[in-house]
Amino acid sequence: MKAITRRLTSWRARAGSTGLACAVLAGVVPVLTLGLGAGPAAAAPLPGGLGPCVPGDCPDPYPGISNGPIAGYDNGINIFVGDDFLVRGSAAEAEGRSVVLGDFDMNKAPGASSIYNIGLAGVGSRVPPPDGSDYLTTGGGVTVAPGQRLLGEDGVVRHAGPVSGTVEATVTEDPDATAPYAGLRDELTAASRCYAREDGVPRTPTGTAVNEGGQTRFTGDGSSDLQVFNVDFDMVGPSGGQQGVVFENIPDGATILVNILGEDRVINTYSGGIDDSTDPLNAYRDRLLWNFPDATNIDLQGTGQFQGSFLMGEQSSMSTVSLPGINGRFFTTGSVTHTSAASGGGGQEFHNYPFNGDLPDCGVSPQRDGEVSVLKRDGDTGEPLAGAEFDLWRESNGQAGLQTGGATPDLRITECTTGADGICAETGMTGTYYWRETAAPEGYELPDPNVFGPLVLTPENAEDGVRITADNSPTPPDPSDPTGSLDLLKKDAADGKPLGGAVFELWRETNDIDGLQTGGSNPDTLTGPGRATDSSGKAAFDGLPLGEYYLRETEVPEGYVLPDNPVTGPYAVTEDNSEDGVSVTLKNERGGPDKGK
């Protein structure tokens, strides 16, 4: 079965660990029953929806390794590092998007190329992140040794710690740079352990893995949609030398999960090629996962363009990568050193390729995406308000209510300013959320309390989403400030008789744009609900702050027609006329001889 494409939203991975041994998040779509063969259930993606290309301009199919033209764009995370990312030796490139919770430290060997490319690589899949997006995100600092350059071209290096050395990219300091991904480290650890073991016992394999000296041979069962192999040895040749990697009897489209067990593990291989037609291993690239749940020291070496994605679950681990190429996602909860072999040879590269496999469903209820929104309104009129500023928080610390400070705050997701529709909305995984208003629209008071929620998004309501309404009251005038009034008289255009029942809105000029704007992203301000003229044709608007105002007629008396332009003004309420008020006379035409008397 072909893998399901799942979109990673800008903040799916922001939730903390569930604390369950098998806390694996499902993707955007519900988990499906796949009708598998004899193997175990395989219906879940990696945590946080990681793995697939994030849609936008994903190539289909992905091209082979080359230095050709840009083949598409992928904003999915290709490299996740739970601790530090070290660039050493003659390592050259990390294609795709990288998220590092610790420090990024570049200090290449003397005599090596002074450049390390991040995001966009000269050779690889040629599918970088979109221009202007985050190529590298760090929770710590970014250090580049003197005389060397970290080259991010059209991307952003977003960092929480200090930056030193030469970084050629858009460099953005953000103390919360990795906050959206903090929980992902624990989720990946739980997933790695769960993929490898069930109730503490190694997961039942569907095939055999045998080190034959010159190669390690993986023989599948020929039928299961998830092929599981357990490896409790180093994949090295005699005396620790290189060996080949061969898969046999693997059904078309099956996911391959290789659990490499043990504390210290080495893969030393020549397998995998630049040309996809030269090595059968390349054909398994997008559905092959090498899982290291236990290892504290992982050494990936040899001369191959190795294929498949990697998951290292031990958070104290160090992965040392000196293979010429890693062609797949690389997710480690520990640290990684990207370097070159001690015996020489440089140009080591991570290449951006997705993982589209379906992995063991560890029994956790599927998560779903849904919309969490707030509607900002005028508390008197119920009209939507533009210009209210909010931030969205997700319950993550186990304490009731919203905590935005202290040692264990909840998780801040995003910030938003309401448009003309008064709405802020964000799509995310199921959970409990709060909207916090940080700035009220002009002319309105910030509510007290200014937190709205909780909003509980569940798998059952995710399709419809959840929304809360937040009302604001206009700022009361300062008693010391002068105010004025506008007195309206409505007449019949033919005989001058007063007309009752005409309804008007009064709008205050607030956006510094000529004329009245009642919609769009920056409208003027409605002062309150519409008012109808009485039987004497009069309507009064009192207590008006000094400024300019417009009248907009919304309803006419029976038998009359609305003017072609129902808006009149501006009318200036000034300190000079504040005592007497502004008088306005408006007239209506009859609708015809058969209408009104």
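About the thresholds
Residues numbered from 1 in each chain as written. Predicted model: local features only at pLDDT ≥ 70, side-chain atom pairs only at ≥ 80, totals over all residues. Heavy atoms only, no water. Helix = DSSP H or I, 4+ residues; strand = E, 2+ residues; numbered from the N terminus. Rg over C-alpha atoms; globule rule 2.2 N^0.38 Å. Buried < 20%, exposed > 50% of the residue type's maximum accessible area, 1.4 Å probe, protein only. Contact = heavy atoms within 4.5 Å. Areas by Shrake-Rupley, 256 points an atom, 1.4 Å probe, with all protein chains shown as cover. Lys, Arg positive; Asp, Glu negative; His and termini not counted. Charge placed at Lys NZ, Arg CZ, Asp CG, Glu CD. UniProt positions renumbered as here; feature names shortened; annotations may be inferred. Pairing = 2+ DSSP bridges. Axes fitted to C-alpha atoms, helices over the stretch in contact; angles between N-to-C directions. Core = buried A, V, L, I, M, F, W, Y, C linked by side-chain atoms within 4.5 Å. Polar contact = N/O pair within 3.5 Å; in protein donor to acceptor, adjacent residues only side chain to side chain. 1 Å grid on protein atoms, 1.4 Å probe; cavity = no way out; pocket = protein on both sides within 12 Å on 5 of 7 lines; lining within 4 Å. Points joined across faces, edges and corners; volume = space filled by probe spheres on them. Nonpolar A, V, L, I, M, F, W, Y, C, P; charged D, E, K, R; others polar. Domains from an automatic or database assignment. Salt bridge = Lys/Arg side-chain N within 4 Å of Asp/Glu carboxyl O. Expected span 1.5 Å × (residues − 1). Disulfide = S-S within 2.5 Å.

Section: the overall build of the protein chain
A tally of helices and strands in the protein chain yields one helix and 45 strands. Since a compact globule built from 597 residues should have a radius of gyration of about 25 Å, the 32 Å found for the protein chain marks it as more spread out than a globular shape. With respect to the principal axes defined by its C-alpha atoms, the protein chain has extents near 110 × 55 × 45 Å. Counting the 597 residues in the protein chain, one finds 50% classified as buried. Taking as baseline every contact in the protein chain between residues at least 6 positions apart, the subset at least 24 positions apart corresponds to 64%. Accessible area for the protein chain stands at about 24,300 Å²; split by element, carbon and sulfur atoms hold 47% of it. Computing the positive centroid from 38 side-chain charges and the negative centroid from 83, the protein chain places the two 4 Å apart.

Here's the deal with the UniProt feature "domain: SpaA-like prealbumin fold" (unreviewed entry) in the protein chain
Residues given the UniProt feature "domain: SpaA-like prealbumin fold" (unreviewed entry) here are residues 370-448 and 484-568. With 0% helix and 45% strand, residues 484-568 has end C-alpha atoms that lie 18 Å from one another.

Some thoughts on the UniProt feature "domain: Choice-of-anchor A" (unreviewed entry) in the protein chain
Mapped onto the present numbering, the UniProt feature "domain: Choice-of-anchor A" (unreviewed entry) falls at residues 75-311. Taken end to end, residues 75-311 comprises 5% helix and 44% strand; its first and last C-alpha atoms sit 19 Å apart.

Focus: the sheet that holds strand β16 (residues 215-219)
The three strands lie next to each other as β15-β16-β18, forming an open sheet whose pairing is mixed. Unpaired on one side and paired on the other, β15 (208-211) and β18 (244-248) mark the two borders of the sheet. If you compare each strand with its neighbour and ignore which way they point, the axes differ by 15° on average. As paired elements, β16 and β18 share five bridges and run parallel to each other. Residue pairing across strands places T219 opposite E248, the latter belonging to β18.

Observations concerning the nonpolar core
One finds F85, Y116, F247, W290 and L300 to be the most contacted residues of the largest nonpolar core, which totals 50 residues. Grouped together as the second largest cluster of nonpolar side chains are 19 residues, L101, Y181, L188 and Y195 included.

With respect to the side chain of N327
Along the chain, the position of N327 falls in strand β26 (residues 325-327). Judged by relative accessible area, N327 falls into the buried class, the value being 0%. Only 3.1 Å separates the side chain of N327 from the side chain of Q305, close enough to count as a polar contact.

Let's talk about the layout of surface pockets
In this model, the second largest pocket occupies a volume close to 620 Å³. In this structure, the second largest pocket is lined by 28 residues; those nearest its centre are P474, T475, R508, T527 and P545. At the level of secondary structure, the elements contributing two or more residues to the lining of the second largest pocket comprise β39 (503-508), β40 (525-526) and β42 (538-545). Residue contributions to the lining of the second largest pocket peak at five residues, all from β42. Within the lining of the second largest pocket, the residues separate by chemical class into 13 nonpolar, eight polar and seven charged. Lining the lining of the second largest pocket are residues from two domains, each supplying at least three of them: domain 2 (378-405 + 415-472) and domain 3 (483-588).

Description of the pairing of strand β2 (residues 77-81)
For a regular strand, the rule is simple: side chains alternate between the two faces of the sheet. Counting buried positions over the five residues of β2 gives five, a clear majority of the element. In this structure, β2 lies alongside strand β5 (residues 97-100), joined through four bridges in parallel fashion. Following the sheet pairing, I79 is matched in β5 by S98. In terms of strand pairing, β2 meets strand β27 (residues 330-332) through three bridges, oriented parallel.

Brief notes about the pairing of strand β22 (residues 297-302)
Pairing geometry for strand β20 (residues 264-269) and β22, over six bridges, is parallel. Bridge assignment links T269 to a residue of β22, and that residue is G302. Here β22 runs beside strand β25 (residues 318-321); their pairing, made up of four bridges, is parallel. Counterpart to I298 in the pairing with β25 is S319.

Side note on the pattern of salt bridges
Taken as a whole, this structure holds 21 salt bridges when the rule is applied. The residue R158 makes a salt bridge to D134 at a minimum N-O spacing of 2.8 Å. With R158 in strand β10 (residues 149-159) and D134 in strand β8 (residues 134-138), the pair connects residues that are 24 residues apart, well separated along the chain. Using a relative accessible area of 15% as the deciding quantity, one classes D134 as buried. Ionic pairing is found between E248 and R217, a salt bridge with its closest N-O pair at 2.3 Å. You can see E248 sitting in strand β18 and its partner R217 sitting in strand β16, a full 31 residues away along the chain. Note on E248: relative accessible area 31%, which makes it partly exposed. Several salt bridges converge on common partners, so that one network encompasses D391, R412, E415 and R436.

Quick look at helix α1 (residues 184-196)
Relative to the 18 Å expected for 13 residues at 1.5 Å per residue, α1 spans 18 Å between its end C-alpha atoms, a close match to the ideal helical length. Where α1 is concerned, the buried positions are L184, R185, E187, L188, T189, A190, A191, S192, C194, Y195 and A196.

Some remarks on the sheet that holds strand β38 (residues 483-492)
Taken together, the three strands give an open sheet; going across it, the order is β42-β38-β45, and neighbouring strands pair in mixed fashion. Here the strands that pair on one side only, and so sit at the sheet edges, are β42 and β45 (582-588). Averaged over neighbouring strand pairs, the angle between their axes works out to 20° when direction is ignored. For β38 and β42, the ladder comprises six bridges, and the chain directions are antiparallel. From the neighbouring strand, G484 faces β42, where its bridge partner is L544.

A word on the state of the cysteines
If you walk through the whole model with that rule in mind, you get two disulfides. For C53, the disulfide goes to C58, at an S-S distance of 2.0 Å. Measuring the twist about the S-S bond at about -90°, one finds the C53-C58 disulfide to be left-handed. Assessed through its relative accessible area of 6%, C53 is described here as buried. The disulfide that involves C416 links it to C424, with 2.2 Å between the sulfurs. On the S-S bond that ties C416 to C424, the torsion sits near -95°, and the link is left-handed.

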